[in-house]
Amino acid sequence: MALLGDETSYTGLSRARVFRWFTSASARERLPVEDHPHHSRTLVTRLAEVFAETGRSSPAGVLVAELTARSPEFAALWAEHPVLGPYCEPKRLLHPEVGAIEVHGQTLLDPDQYQALLIFTALPGTESHEKLQLLSVIGAQQL
């Protein structure tokens, strides 16, 4: 919560980060603008992986149909059938209190692969690592 904000209040399709990314400008505030195209492609690719395994009638299929109808950017990327590697690449995040943080992510999927849990870490000894440690204190104080 301290790193990406409170994401527990979303309902319906907005519970999916990919949906918010392509339908709400505020979803993009925590990533540098120059990283947006790559992040968009990564999100489409991850959704395509789940869609390929679960089909059109799955929650992933519902997301694809809705995003294709609502987001020209998503529709264009979806039509390209992008493919990325099997790991979560490093990301740069912009936090409103501590500034830029470079994190490495690990993606954990539930057994049905409908939901993903992202775990972010930073390299020990880096400024980003210190900022994450600070956020763990700030986040605990805000609870």
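Residues numbered from 1 in each chain as written. Predicted model: local features only at pLDDT ≥ 70, side-chain atom pairs only at ≥ 80, totals over all residues. Heavy atoms only, no water.

**Student:** Provide a residue-level description of the layout of surface pockets, including the pertinent values.
**Tutor:** What the second largest pocket holds in volume is close to 350 Å³. Broken down by class, the residue content of the lining of the second largest pocket amounts to five nonpolar, six polar and seven charged. (1 Å grid on protein atoms, 1.4 Å probe; cavity = no way out; pocket = protein on both sides within 12 Å on 5 of 7 lines; lining within 4 Å. Points joined across faces, edges and corners; volume = space filled by probe spheres on them. Nonpolar A, V, L, I, M, F, W, Y, C, P; charged D, E, K, R; others polar.)

**Student:** Explain helix α3 (residues 59–70) residue by residue, including any values.
**Tutor:** Counted at 1.5 Å a residue, the expected span for α3 with its twelve residues is 16 Å, and the 16 Å between its end C-alpha atoms agrees. Looking at the buried residues of α3, the elements they touch are α1 (17–23), α2 (36–54) and α4 (72–80). (Helix = DSSP H or I, 4+ residues; strand = E, 2+ residues; numbered from the N terminus. Expected span 1.5 Å × (residues − 1). Contact = heavy atoms within 4.5 Å.)

**Student:** Requested: an account of the packing of α2 against α4, with residues and values cited.
**Tutor:** Relative orientation of the contacting elements α2 and α4 amounts to 60 degrees, with a least axis distance of 10 Å. Classified by the angle between their axes, α2 and α4 sit oblique to one another. Crossing hand, α2 versus α4: right-handed. For the pair α2 and α4, contact is made by Ser40, Arg41, Val44, Leu47, Ala48 and Phe51 and by Glu73, Phe74, Leu77, Trp78 and Glu80, respectively. Here the residues of the contact of α2 with α4 are counted per class, giving seven nonpolar, one polar and three charged. (Axes fitted to C-alpha atoms, helices over the stretch in contact; angles between N-to-C directions. Parallel < 35°, antiparallel > 145°, perpendicular 65-115°, else oblique. Left-handed = near helix turned anticlockwise from the far one by under 90°.)

**Student:** Before we move on, could you go through α2 and cite the residues and values that matter?
**Tutor:** An ideal rise of 1.5 Å per residue puts 27 Å on 19 residues; α2 measures up with 27 Å between its terminal C-alpha atoms. Within the sequence span of α2, burial applies to His36, His39, Ser40, Thr42, Leu43, Val44, Thr45, Leu47, Val50 and Phe51. Of the surrounding secondary structure, the elements contacted by the buried residues of α2 are α1, α3, α4 and β1 (91–95). Immediately downstream of α2, the backbone of Gly55 shows phi near 90 degrees, a positive value. (Buried < 20%, exposed > 50% of the residue type's maximum accessible area, 1.4 Å probe, protein only.)

**Student:** How would you explain the nonpolar core if you had to name every residue and give the values?
**Tutor:** Phe22, Leu47 and Phe74 are the most contacted members of the largest nonpolar core, which has 27 residues in total. Broken down by element, the residue count for this core peaks at five residues, all from α2. Excluding residues within four positions of it along the chain, Leu47 makes contact with Val18, Ala60, Leu63, Val64, Leu67, Phe74 and Trp78. (Core = buried A, V, L, I, M, F, W, Y, C linked by side-chain atoms within 4.5 Å.)

**Student:** Lay out a nonpolar patch on the surface in plain terms, naming residues and giving numbers.
**Tutor:** Taken together, the side chains of Leu108, Leu117 and Ile119 present a nonpolar region at the surface, about 240 Å² in accessible area. In this fold, Leu117 is placed in strand β3 (residues 116–121). (Patch = residues over 30% accessible without salt bridge, like charges linked within 9 Å, V, L, I, M, F, W, Y side chains within 5 Å. Areas by Shrake-Rupley, 256 points an atom, 1.4 Å probe, with all protein chains shown as cover. Salt bridge = Lys/Arg side-chain N within 4 Å of Asp/Glu carboxyl O.)

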